[in-house]
Amino acid sequence: MKPISKYILIEPIEEELKTESGILLTNEEAQKRRYQKGKVYSVGTEVETIHANDEIYYDVRNAHTLLIEGKKITVIQERDVVVVL
């Protein structure tokens with residue numbers, strides 16, 4: 001499956017998050033964060049700086065999750081990527 005234009009398909013990565021004092025955040029608290037980590041599944045035809053299998057942080061406020069072939073895939077635009085690891 002291949003997105004078009006400047007769209008990117010990603011698989012969100014579940015992170016175990018801790019505060020500075022070592023307290024684990026619940027999944028609900030972690031979901032409230034604006035930026036989350038994901039692995040790039042596929043990039044659109046006009047995306048040049050991000051590639052499949054890159055790990056990124058993206059703005060979840062502009063993300064949309066789809067169920068494709070039984071798998072949760074998140075769709076974002078290139079402009080919503082804030083960090084490439």
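Rules used throughout
- Residues numbered from 1 in each chain as written.
- Predicted model: local features only at pLDDT ≥ 70, side-chain atom pairs only at ≥ 80, totals over all residues.
- Heavy atoms only, no water.
- Pairing = 2+ DSSP bridges.
- Helix = DSSP H or I, 4+ residues; strand = E, 2+ residues; numbered from the N terminus.
- Axes fitted to C-alpha atoms, helices over the stretch in contact; angles between N-to-C directions.

Trainee: Is there a simple way to explain the sheet that holds strand β1 (residues 7-12) in this structure?
Mentor: The pairing of strands in a sheet comes from backbone hydrogen bonds and takes either a parallel or an antiparallel form. If you walk across this open sheet you meet the 6 strands as β4-β5-β1-β2-β3-β6, and the pairing is antiparallel. Every interior strand has two partners, whereas the edge strands, β4 (64-68) and β6 (81-84), have only one. Strand-to-strand, the axes of this sheet are offset by a mean angle of 45°, without reference to chain direction. With 4 bridges joining them, β1 and strand β5 (residues 71-77) adopt antiparallel strand pairing. Paired with Leu 9 across the two strands is Val 75, which belongs to β5.

Trainee: Sorry, what's going on with the pairing of strand β3 (residues 55-59) here?
Mentor: For a regular strand, side chains alternate in direction, first toward one face of the sheet and then toward the other. Of the strand pairs in this sheet, strand β2 (residues 35-43) and β3 are connected by 5 bridges, and their pairing is antiparallel. In the strand pairing of β3, Tyr 35 is matched with Asp 59. Relative to β6, β3 is paired through 3 bridges, and the arrangement is antiparallel. Across the sheet, Tyr 57 pairs through a bridge with Val 83, a residue of β6.

So far we have only geometry, and geometry alone does not tell us how the molecule works.
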